[in-house]
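A look at the structure
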2 protein chains.
Amino acid sequence: MNTRKTKQKEIVYQVLCQMSNHPTIKELYDVIHNENPELGQATVYRNVAKLVEEGKVLKISTPEGIEHYDANCKFHSHFLCSKCHRIFDIYTIESKDIMKMVDNSLHVSRVQVLLEGICNQCQSGVEK
Amino acid sequence: MNTRKTKQKEIVYQVLCQMSNHPTIKELYDVIHNENPELGQATVYRNVAKLVEEGKVLKISTPEGIEHYDANCKFHSHFLCSKCHRIFDIYTIESKDIMKMVDNSLHVSRVQVLLEGICNQCQSGVEK
DNA sequence: ATCCTTATTGATAATAATTATCAATAATAT
DNA sequence: ATATTATTGATAATTATTATCAATAAGGAT
């Protein structure tokens, strides 16, 4: 007996799966806590960390500091809007095409591509 | 008169330029503070942030949480070793090749590529 | 060169994010 | 059903970053 299946961990994972906006821990916790007031935030931290270790959840690091999380672990890239700070998915980049550009003596287990710029909506003047 | 040239800012930049190991703020501060005991850490935080804004310094975000900084702003990618946690430069990836894979209606101002894996040295069993 | 204005600094307090602690609870092997 | 111990919940502790504010100094004006 080394790792146990708990209601809390299942809730954390399920809620994250339903969120497609790459939430921060805080945003994830708020949603979870709303429907499960007894589920504490330390538990959210612990379980998200475990899910990341297990490879079931992706941690997205941006230059804006706070980490975002994504239950979609199939390779894809992200676009961060410097204005509205939202993260969008980019599916047109293939990891194998990036790997072609890397010396194959390197043992690469993960590739993360982050684009930064102004999203179409912010570009077209729709103000915050 | 809007922004001033200060000794402190110059020191922060020069020391970072001499460090090729992508230091964290703490590592940068330690080196700076060693030779300039009067230069406080809030000043390092402030000036690094300014240099990043001005585009003279690059902020590198990794899934390990803390930010690293790089005075080399010419496009290049990074390889993070999951074992020794060092960051290596990768020069074989071209940003224009990545941009070819992105819908060109998107206004992209920066591209960040991070590879994760085990570096050659850790791979070959040289223990920590 | 001296004076003025105010951006910047240094020291530290405040805030925010994350991790550690620990008794109580609950998952699972026996 | 019982025993073992991983996990939880609540909170304290820690760490990282930002804000505050009086003192300093950059650099334009005189």
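Residues numbered from 1 in each chain as written. Chains lettered and ligands numbered in written order. Predicted model: local features only at pLDDT ≥ 70, side-chain atom pairs only at ≥ 80, totals over all residues. Heavy atoms only, no water.

**Comments concerning the protein's contact with DNA strand D**
Taken together, the neighbourhood of DNA strand D is formed by 21 residues, with Thr6(A), Thr43(A), Arg46(A), Lys5(B) and Tyr45(B) sitting nearest. Across the atoms of DNA strand D situated within 4 Å of the protein, the share located in sugar and phosphate is 62%. A distance of 2.7 Å separates a phosphate oxygen of DNA strand D from a polar side-chain atom of Tyr45(B). Contributions of two or more residues to the surface near DNA strand D are made by α1 (7-18) and α3 (41-53) of chain A together with α3 (41-53) of chain B. Partitioned by chemical class, the residues of the surface near DNA strand D number five nonpolar, seven polar and nine charged. (Near = heavy atom within 4 Å. Polar contact = N/O pair within 3.5 Å; in protein donor to acceptor, adjacent residues only side chain to side chain. Helix = DSSP H or I, 4+ residues; strand = E, 2+ residues; numbered from the N terminus. Nonpolar A, V, L, I, M, F, W, Y, C, P; charged D, E, K, R; others polar.)

**Examining the nonpolar core**
Side chains that are nonpolar tend, in soluble globular proteins, to be buried together. Residues Phe79(A), Ile93(A), Ile98(A), Leu115(A), Ile93(B) and Ile98(B) are the most contacted members of the largest nonpolar core, which totals 27 residues. Among the secondary structure elements, those contributing two or more residues to this core are β3 (77-81) and β5 (107-118) of chain A together with β3 (77-81) and β5 (107-118) of chain B. Considering each element in turn, this core owes the most residues, four residues, to β5(B). For Ile98(B), the contacting residues outside a window of four places in its chain are Ile93(A), Met101(A), Ile93(B), Val111(B) and Val113(B). (Core = buried A, V, L, I, M, F, W, Y, C linked by side-chain atoms within 4.5 Å. Buried < 20%, exposed > 50% of the residue type's maximum accessible area, 1.4 Å probe, protein only. Contact = heavy atoms within 4.5 Å.)

**With respect to the side chain of Thr24(A)**
With respect to the secondary-structure elements, Thr24(A) resides in the loop between α1 and α2 (25-35). By relative accessible area, which is 8% here, Thr24(A) ends up buried.

**Side note on the packing of α1(A) against α2(A)**
All names here are of chain A. At a minimum axis distance of 10 Å, the contact between α1 and α2 shows a crossing angle of 110°. In this view, α1 runs roughly perpendicular relative to α2, as classed from their interaxial angle. The way α1 lies across α2 gives a crossing that is right-handed. Within the contact between the two elements, α1 uses Ile11, Val12, Val15 and Leu16 and α2 uses Leu28, Val31 and Ile32. (Axes fitted to C-alpha atoms, helices over the stretch in contact; angles between N-to-C directions. Parallel < 35°, antiparallel > 145°, perpendicular 65-115°, else oblique. Left-handed = near helix turned anticlockwise from the far one by under 90°.)

**Examining the environment of Gly55(A)**
Tracing the chain through its elements places Gly55(A) in the loop between α3 and β1 (58-60). Taking C-alpha positions, Gly55(A) is 7.7 Å from Cys73(A), a pair spaced 18 residues apart along the chain.

**What about α3(B)?**
Residue and element names in this part refer to chain B. The end-to-end C-alpha separation of α3 is 18 Å, in line with the 18 Å expected for 13 residues at 1.5 Å each. For α3, the complete set of buried residues consists of Thr43, Val44, Asn47, Val48, Leu51 and Val52. Around the axis of α3, the buried residues are gathered within 160° of arc, so they sit on the same side. For α3, the exposed residues lying more than 90 degrees away from the buried face are Arg46 and Glu53. The secondary structure elements touched by the buried residues of α3 are α1 (7-18), α2 (25-35), β1 (58-60) and β2 (68-70). One or two residues past the end of α3 sits glycine 55, with phi positive at roughly 80°. (Expected span 1.5 Å × (residues − 1). Arc of directions from axis to C-beta.)

**Observations concerning the pairing of strand β4 (residues 87-90) of chain A**
All names here are of chain A. Here four bridges tie β3 to β4, and the two strands are oriented antiparallel to one another. Residue pairing in the sheet places serine 77 in a bridge with isoleucine 90 of β4. What sits between β3 and β4 in their antiparallel hairpin is a turn of five residues, with histidine 85 showing a positive phi close to 65°. (Pairing = 2+ DSSP bridges.)

**Observations regarding the interface of chain B and chain A**
Taken together, the contact between chain B and chain A spans 32 residues of the former and 32 residues of the latter. Between chain B and chain A, roughly 2,600 Å² of surface is buried when both sides are summed, and carbon and sulfur atoms account for 56% of that area. One can count zero salt bridges joining chain B with chain A. Where chain B packs against chain A, one counts 14 residue pairs in polar contact (both at pLDDT 80 or more). (Buried area = accessible area lost by both parts, 1.4 Å probe. Salt bridge = Lys/Arg side-chain N within 4 Å of Asp/Glu carboxyl O.)

**Quick notes on the domain arrangement of chain A**
Residues and elements named next belong to chain A. Each assigned domain of chain A is listed with its residue range as follows: domain 1 (7-70) and domain 2 (77-124). Averaged C-alpha coordinates put domain 1 and domain 2 at centres separated by 21 Å. Contacts between the two partners involve 10 residues from domain 1, matched on the other side by 12 residues from domain 2. Between domain 1 and domain 2, roughly 890 Å² of surface is buried when both sides are summed, and carbon and sulfur atoms account for 57% of that area. The interface formed by domain 1 and domain 2 holds zero salt bridges in total. (Domains from an automatic or database assignment.)

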